[in-house]
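# Notes for the structure review
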Amino acid sequence: MTFPPPKAEAPAQRFEEATAAAREALERLIAAANEAGWGTEEITSALLKAVQFLSDANKRDPDPADDPAISDEPARAQIGRGELYD
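Values in this document were obtained by computation on a predicted structure and should not be read as measured data.

Tallying secondary structure elements over the protein gives two helices and zero strands in all. The burial tally for the protein puts 7% of its 86 residues in the buried class. Element-wise, carbon and sulfur atoms account for 59% of the exposed surface of the protein, whose accessible area totals about 7,700 Å².

Bringing the environment of Arg14 into the picture now. Note on placement: Arg14 falls in helix H1 (residues 11–35). With residues up to four places along the chain from it excluded, the contact list for Arg14 reads Pro6, Ala8 and Glu9.

Before going further, it helps to examine H1. At 3.6 residues per turn, the α-helix brings residues three or four places apart onto the same side. For H1, which comprises 25 residues, the first-to-last C-alpha distance of 36 Å matches the rise-based estimate of 36 Å (1.5 Å per residue) to within 8%. In this structure, the buried side of H1 is in contact with helix H2 (40–60). A positive phi of about 110° marks Gly37, the residue just after H1.

One pass over the full model with this rule turns up one salt bridge. Of the charged contacts, one joins Arg23 and Glu27 as a salt bridge, the two residues approaching to 3.1 Å between their closest N and O atoms. Placement of the pair is Arg23 and Glu27 together in helix H1, with a separation of four residues, close to one helical turn. By relative accessible area, Arg23 is classed as exposed at 58%. Owing to a relative accessible area of 44%, Glu27 belongs among the partly exposed residues under this scheme.

Attention shifts here to a nonpolar patch on the surface. The grouping of Met1, Leu26 and Leu29 at the surface amounts to a nonpolar patch, some 320 Å² of accessible area in total. On the secondary structure map, Leu29 appears in helix H1.

The description of two packed helices rests on the angle between their axes and on the distance between the axes. The interhelical angle for the contact between H1 and H2, taken along N-to-C directions, is 130°, at an axis separation of 10 Å. Judged by the inter-axis angle, H1 sits oblique to H2. Viewed along their axes, H1 and H2 form a crossing whose handedness is right-handed. Facing H1, whose interface residues are Leu26, Leu29, Ile30, Ala33 and Asn34, H2 presents Thr40, Ile43, Thr44 and Leu47. Here the contact of H1 with H2 is built from residues that sort into six nonpolar, three polar and no charged.

Rules of the game
Residues numbered from 1 in each chain as written. Predicted model: local features only at pLDDT ≥ 70, side-chain atom pairs only at ≥ 80, totals over all residues. Heavy atoms only, no water. Helix = DSSP H or I, 4+ residues; strand = E, 2+ residues; numbered from the N terminus. Buried < 20%, exposed > 50% of the residue type's maximum accessible area, 1.4 Å probe, protein only. Areas by Shrake-Rupley, 256 points an atom, 1.4 Å probe, with all protein chains shown as cover. Contact = heavy atoms within 4.5 Å. Expected span 1.5 Å × (residues − 1). Salt bridge = Lys/Arg side-chain N within 4 Å of Asp/Glu carboxyl O. Patch = residues over 30% accessible without salt bridge, like charges linked within 9 Å, V, L, I, M, F, W, Y side chains within 5 Å. Axes fitted to C-alpha atoms, helices over the stretch in contact; angles between N-to-C directions. Parallel < 35°, antiparallel > 145°, perpendicular 65-115°, else oblique. Left-handed = near helix turned anticlockwise from the far one by under 90°. Nonpolar A, V, L, I, M, F, W, Y, C, P; charged D, E, K, R; others polar.

Just distances and angles here, no functional claims.
As structure tokens, then:
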């Protein structure tokens, strides 16, 4: 799925462009979900919940790419029967 780049500079215009692009993308996503057997009401409710989760996560950590990778941390404990996981 592609998403068009913004054309406007003004925040209000960018918001309108983003809203229109998001709506078009969501309409395609809902149509694909319908074809797969999901009902429109259940998929739109699931999308709302997923968007709220992503919004909350972004508020907590706006740039997760700056976080250290888990594998960068040294293994400190064994799990299970002596297996070591990173």
